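# Understanding the architecture of this molecule
These are the residues of each chain, in order.
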Amino acid sequence: MNTIVLADRHWGIGYQNRLLISIPSDMNFFRQKTCGHVVIMGRKTLESFPRRLPLKKRVNIVLTRNKSYQAANAILVHSRDELLEEVKQYDTHDIYVIGGGVVYDMLLPYCDTAYVTKINFSYQVDTWFPNLDKMSEWRLVEESEEQTCFDVEFTFRKYIRKVGKL
């Protein structure tokens, strides 16, 4: 599985169920990577989307503990085990974990690639992504040239899990 995230200098990813910033090139990167694939998210992430609708041109899997929760055009699962059973029908390279914080924490051990748009700025946050730079099982393998949008500097990074680790 893959994970994809936008994170600030201290690995903050959101505040009050919203992204920290919307960077057009990051949104394009996200679309490029995830279109035609499977995306896994928590209920709060789904509810942060416009009109609370699943993403188009993707298989949307939503993890929620609420068994009566309804979401059109999405597959609903209610536990990690149910989720892991559901994704067995897909190629793991076609699956992207897209948030939020609880879902990232739960599924990072199952991911082998992480795409991180890393912002060189600190925001007020209430949700974080694990700091891959401090995790011995993860290795930074690619980093783009620094880019700027709205006076905010950022890079696109790719991390991979070292072989032999789960």
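Everything quoted here is computed from the prediction, not taken from an experiment.

Another point: the side chain of Thr45. Relative to the helices and strands, Thr45 resides in helix α2 (residues 43-48). Thr45 gets classed as buried once you look at its relative accessible area, which sits at 12%. With sequence-adjacent residues up to four places away left out, Thr45 is seen in contact with Asn17, Ile98, Gly99 and Gly100.

Summed over the entire model, instances satisfying the criterion amount to zero disulfides. Between Cys111, a cysteine without a disulfide, and Cys35, which holds the nearest cysteine sulfur, the sulfur-to-sulfur distance is 19 Å. On the basis of relative accessible area, Cys111 is assigned to the buried category, the value being 1%. In this model Cys149 remains outside any disulfide bridge; the closest cysteine sulfur is found in Cys35, 20 Å from its own. Since its relative accessible area comes to 16%, Cys149 is described here as buried.

This part covers the pattern of salt bridges. By the definition in use, this model includes five salt bridges. In this structure, Glu85 and Lys88 form a salt bridge, with 3.0 Å as the shortest nitrogen-oxygen distance. Here Lys88 falls in the exposed class, since its relative accessible area comes to 61%. When the shortest N-O distance is used, the salt bridge between Arg157 and Asp133 registers 3.4 Å. Here Asp133 lies in the loop between β9 (127-128) and β10 (138-143) and Arg157 lies in strand β12 (residues 152-161), a separation of 24 residues in the sequence. Overall, the relative accessible area of 16% leaves Arg157 in the buried class. What makes Asp133 partly exposed here is its relative accessible area of 46%. Among the charged side chains, a network of salt bridges with common partners joins Arg43, Glu47 and Arg52.

Thresholds, definitions, all that
- Residues numbered from 1 in each chain as written.
- Predicted model: local features only at pLDDT ≥ 70, side-chain atom pairs only at ≥ 80, totals over all residues.
- Heavy atoms only, no water.
- Helix = DSSP H or I, 4+ residues; strand = E, 2+ residues; numbered from the N terminus.
- Buried < 20%, exposed > 50% of the residue type's maximum accessible area, 1.4 Å probe, protein only.
- Contact = heavy atoms within 4.5 Å.
- Disulfide = S-S within 2.5 Å.
- Salt bridge = Lys/Arg side-chain N within 4 Å of Asp/Glu carboxyl O.

Everything listed is a geometric property; what it means functionally is a separate question.
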